[in-house]
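A structural walkthrough
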Amino acid sequence: MDRDILTRTITESVVDRCIREIEEDPKRSVRKLVDLGRQLARGRFQRQYLDLTQKMLENEESPYYTLVRNVVRKADHDAIKTFGINLGLGSWTNGARIIRALEAEGQRHIPWGLTLHLDASAEGGVPPLYRGVIEQGKTDGIFTYFLRADAPSCGLGPMLELVRRESACAFLLFAPPEAFTPEITAAVAGCHNLSASVDTEKPGWEQVAHRLEAARCLYGVYRTYEDGEQAREITTGNWLKRVTRACCPALAFCFAGGSCPEPVSRRVEGYIRRARTEQYYSVFLMDFFSDYLYVDEIISGKRCFLGLRPDGTLTRYRDGCEADTEERLDGRALHTIWGLEIDKVK
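Not measured: the values here are computed from a predicted model.

About the criteria used
- Residues numbered from 1 in each chain as written.
- Predicted model: local features only at pLDDT ≥ 70, side-chain atom pairs only at ≥ 80, totals over all residues.
- Heavy atoms only, no water.
- Core = buried A, V, L, I, M, F, W, Y, C linked by side-chain atoms within 4.5 Å.
- Buried < 20%, exposed > 50% of the residue type's maximum accessible area, 1.4 Å probe, protein only.
- Helix = DSSP H or I, 4+ residues; strand = E, 2+ residues; numbered from the N terminus.
- Pairing = 2+ DSSP bridges.
- 1 Å grid on protein atoms, 1.4 Å probe; cavity = no way out; pocket = protein on both sides within 12 Å on 5 of 7 lines; lining within 4 Å.
- Points joined across faces, edges and corners; volume = space filled by probe spheres on them.
- Nonpolar A, V, L, I, M, F, W, Y, C, P; charged D, E, K, R; others polar.
- Axes fitted to C-alpha atoms, helices over the stretch in contact; angles between N-to-C directions.
- Parallel < 35°, antiparallel > 145°, perpendicular 65-115°, else oblique.
- Left-handed = near helix turned anticlockwise from the far one by under 90°.
- Contact = heavy atoms within 4.5 Å.
- Polar contact = N/O pair within 3.5 Å; in protein donor to acceptor, adjacent residues only side chain to side chain.

All right, on to the nonpolar core then. Of all hydrophobic cores here, the largest spans 104 residues; its most connected members are Phe 180, Val 188 and Leu 285. Tallying contributions element by element places helix α5 (residues 77-105) first for this core, with nine residues.

The next subject is the pairing of strand β3 (residues 170-175). For β3, a buried count of six out of six residues is recorded, marking the element as mostly surrounded by other parts of the structure. Neither face of β3 is open: one carries Ala 170, Leu 172 and Phe 174, the other Phe 171, Leu 173 and Ala 175, and all of them are buried. Examined bridge by bridge, strand β2 (residues 144-149) and β3 share five bridges and lie parallel to one another. Directly across from Leu 147, in β3, lies its bridge partner Leu 173.

Let's shift gears to empty space enclosed by the protein. Enumeration according to the criterion identifies two cavities of 30 Å³ or more in this entry. Size it by volume and the largest cavity reaches roughly 100 Å³. Forming the walls of the largest cavity are 13 residues, and the residues nearest its centre are Val 71, Lys 74, Cys 217, Tyr 219 and Cys 248. Tallied by class, residues from the lining of the largest cavity come to nine nonpolar, one polar and three charged. In this structure, the second largest cavity occupies an estimated 30 Å³ of space. Among the residues forming the lining of the second largest cavity, the class breakdown is six nonpolar, one polar and no charged.

Next up on the list: the packing of helix α9 (residues 205-214) against helix α11 (residues 238-246). Where α9 meets α11, the closest approach of the two axes is 10 Å, and the angle between their N-to-C directions is 50°. With respect to each other, α9 and α11 are oriented oblique. Remark: the crossing between α9 and α11 carries right-handed chirality. Residue-level contacts link Trp 205, Glu 206 and His 210 of α9 to Arg 242, Val 243 and Ala 246 of α11.

Its location among the elements puts Thr 315 in strand β9 (residues 313-318). We classify Thr 315 as buried; its relative accessible area is 0%. Taking C-alpha positions, Thr 315 is 9.8 Å from His 117, a pair spaced 198 residues apart along the chain. With residues up to four places along the chain from it excluded, the contact list for Thr 315 reads His 117, Phe 305, Leu 306, Gly 307, Leu 308, Arg 309, Glu 322, Ala 323, Asp 324 and Thr 325. A polar contact of 2.5 Å, which involves the side chain of Thr 315, links it to the side chain of Glu 322.

Written out as structure tokens, the structure reads:
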């Protein structure tokens, strides 16, 4: 049997058992799972993450015990297992190994995940470009994909069917409340390799969160901030207090908007790091761009962010946020852009 297949089979068996044990005794079982993970961890990111997690869980009153208990009680167990293993083993371990091997061959820098934007042009189905991008991405070690629904009518149904078929990958969907129709919510629940997050700055997000929870989805929330006033709602804790009064998401993401001054985004990044380390919330809070780049730097030693729009336009991380570039994929193979000078993040 292939070594990676054997490792995944063993990991699935261990995670199944640990999930059952967490339902009965969250604190003891989570510590046991982290200890086991540290023994088995092969990737650099896994080891650093688990070392930090172990230290944080020394706090008997850690709100992360509440987070784990809520996730196990409310989300589908196969979704927890599949998404977690696809991300941790498939992307951060096996995928990272492929990325480092390819980067060692020459002047290239491969991101560990790709952001795929969906807009009204995708209403008729999956952008043709994206099917090939995902296939090529897997060859180069990319097994995580971030789906940004920039418009409610963006063809989520066909995209979710593609997600379901790409069972070895982990997908994270970010969409406005209007996109989560009953049919789309049911499709999300059927994709166990997907975590879906709803925009809390749009009306109706609370009802969507309740529907996702009722469907036992592994779900989260997100918001964008453009200025100091919007950032203060995050750094004062008011945003997550508002969220946690309404629902119990596993994840909460903050995105710096395109007009956000870099000093403001840096301030939010610092707050989020403190909030995680000092364990303010029973939600795993993330700054999307800085946390993405942190993982990328551990995997590759440098930092790289890449996004794509349906027309082939490339986006990069610039001055604290995502920005369009003048570069386009234009039918080229994905690997041809890894060596572009624009790929480097300062």
